[in-house]
Amino acid sequence: MIFCRFQTGRAVRWGRVSRGTVEELLPDPFGDSSPTGLVWPLKDVQLLAPCEPTKIIAIGLNYADHAREFGHKIPKEPLIFLKPASAVIGPDEPIRLPAASRQVEYEAELAVVIGRRARNVPLEGTKKYILGYTLMNDVTARDLQRSDGQWTRAKGFDTFAPLGPWIVSGISPEDLKIEAYVNGERRQSSRTSQLIFGVSRLVSHISQVMTLEPGDIISTGTPSGVGPLKRGDRVEIRVEKIGSLLNRVV
Ligand code: MG
């Protein structure tokens, strides 16, 4: 099933996508929901970020090739950090370059959408807490990440968490092709089978630290090939079986 959040006129709605159409769902995909019978052509609606997280937990250095690219050792446990919910934008919304940085970079990531409240979840029991998967661009001010010595500012600017285009449920996240393109040119290419810590490990590990709420995002980390964005660029994240998330840079 493919769930989306979308806008028609002034109304924000939840829906499910199939065969080029969106059918409205009430109340939302996080519990029992039913279709209302209202249907729009997909091309006539504006897709929004597919959920409204209370927090985004992102993972640093979770692909061995990316850890090597920065000269880091492979972490022994997942290295987690937070991005603020205020950084979220949806498909086609612009990423705004902040004046404070001269080196803003893209990071293609597979993102887990939490489906129900999760706390202290054992490794083998994570599945029922996951609604599905979407894409995140973990936009990062690399120069500030270096100079600050911690990542809150570098990862936390408004518009630095593009999410979308929708949430795909019922797929296995274990071996999906993941790519980033800038102006149509491929810059990152890997598979989620290269993740050091897989999805179940991440959900279980993070739920030992903090309660996960419906709609919260776990962004699983980026492969090698990260690089700079400049004004006017169009950056696209693609993950097999999920789709494509395109944003321009202003
Ligand atoms: Mg990242």
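Each chain carries its own residue numbering, running from 1 in the direction its sequence is written. Whole-chain, interface and lining totals are the exception, using all residues; otherwise, since this is a predicted model, local features are given only for residues with pLDDT of at least 70 and side-chain atom pairs are given and counted only at 80 or more. Hydrogens are left out, water is left out, and the side-chain values use all remaining heavy atoms of the structure.

Caption draft 1: Broad picture of the coordination of the magnesium ion. In this analysis a donor is any N, O or S atom within 2.8 Å of a metal ion (3.2 Å for sodium, potassium and calcium), and since water is not included, sites may seem incomplete. Taken together, Glu107 (OE), Glu109 (OE) and Asp138 (OD) make up the protein donors of the magnesium ion, found 2.0 to 2.1 Å from the metal. Positions of the donor residues of the magnesium ion, expressed as sequence spacing, correspond to E-x1-E-x28-D. When accessible area is computed with a 1.4 Å probe and restricted to protein chains, residues below 20% of their type maximum are described as buried, those above 50% as exposed, and intermediate ones as partly exposed. The exposure class of glutamate 109 is buried, given its relative accessible area of 0%.

Caption draft 2: Just the nonpolar core, in detail. Side-chain atoms within 4.5 Å link the members of a nonpolar core, which is a set of buried Ala, Val, Leu, Ile, Met, Phe, Trp, Tyr and Cys residues. One finds Leu212, Ile217, Ile218 and Ile242 to be the most contacted residues of the largest nonpolar core, which totals 67 residues. Counting from the N terminus, the helices are the DSSP runs of H or I reaching at least four residues and the strands are the DSSP runs of E reaching at least two. The leading source of residues in this core is strand β10 (residues 108-114), at six residues. Each domain's extent is set by a domain assignment, obtained either automatically or from a database. For this core, the domains that each give at least three residues are domain 1 (2-47) and domain 2 (56-248). What makes two residues a contact is simply this: any of their non-hydrogen atoms within 4.5 Å. Not counting the four nearest positions on each side in its chain, leucine 212 is found in contact with Lys55, Ile57, Ile114, Arg116, Arg117, Ala118, Val203, Ile206, Ser207 and Ile218.

Caption draft 3: Fine view of the packing of aromatic side chains. Note on aromatic pairs: the rings of Phe, Tyr and Trp (six-membered ring only in Trp) are paired at centre separations within 6.5 Å, and the planes decide the class, stacked below 30 degrees, edge-to-face beyond 60, tilted for the rest. Overall, the coordinates contain four aromatic pairs when judged by the stated rule. With centroids separated by 5.6 Å and ring planes inclined at 90°, the aromatic side chains of tryptophan 14 and phenylalanine 30 adopt a geometry described as edge-to-face. One end of the pair, tryptophan 14, is in strand β2 (residues 11-18); the other, phenylalanine 30, is in the loop between β3 (21-26) and β4 (34-41), and 16 residues separate them in sequence. According to the relative accessible area criterion, tryptophan 14 is buried, its value standing at 14%.

Caption draft 4: Here's a closer look at the sheet that holds strand β15 (residues 185-191). DSSP bridges decide pairing: two strands pair if at least two such bridges lie between them. Here we have four strands laid out as an open sheet, ordered β15-β14-β18-β19, and antiparallel in their pairing. If you trace the sheet from one side to the other, it starts and ends with β15 and β19 (243-248), each paired once. Each strand of the sheet is rotated relative to its neighbour by a mean of 15°, with strand direction disregarded. Relative to strand β18 (residues 234-239), strand β14 (residues 177-182) runs antiparallel, the two sharing five bridges. Considered in β18, the bridge of glutamate 179 is made with arginine 238. Here the axes come from fitting lines to C-alpha atoms, over the contacting stretch only for helices, and the angles between their N-to-C directions go from 0 to 180 degrees.

Caption draft 5: The domain arrangement of the chain, seen in detail. For the chain, the domain assignment lists domain 1 (2-47) and domain 2 (56-248). For domain 1 versus domain 2, the distance between C-alpha centres works out to 25 Å. Every contact between the two is made by eight residues of domain 1 and, on the other side, 12 residues of domain 2. Two parts placed together each lose some accessible area under a 1.4 Å probe, and adding up what both lose gives the buried area. Together domain 1 and domain 2 conceal approximately 840 Å² of surface at their shared face, both sides included; 75% is due to carbon and sulfur atoms. Considering only the surface of domain 1 that becomes buried against domain 2, Phe3, Phe30 and Leu47 emerge as the three largest contributors, covering 66% of it. Salt bridges are defined by distance alone: a side-chain nitrogen of Lys or Arg within 4 Å of a carboxyl oxygen of Asp or Glu. Applying the counting rule to domain 1 against domain 2 returns zero salt bridges. Think of a polar contact as two N or O atoms within 3.5 Å of one another; within protein, one of them needs to be a possible hydrogen donor and the other a possible acceptor, and neighboring residues in sequence only count if both atoms come from side chains. Summed over the shared surface of domain 1 and domain 2, the number is one residue pair in polar contact (both at pLDDT 80 or more). No other element matches strand β1 (residues 2-8), which puts three residues into the side of domain 1 that touches domain 2. Three classes are used: nonpolar for Ala, Val, Leu, Ile, Met, Phe, Trp, Tyr, Cys and Pro, charged for Asp, Glu, Lys and Arg, and polar for all others, with Gly counted as polar. Here the residues of the side of domain 1 that touches domain 2 sort into eight nonpolar, no polar and no charged.

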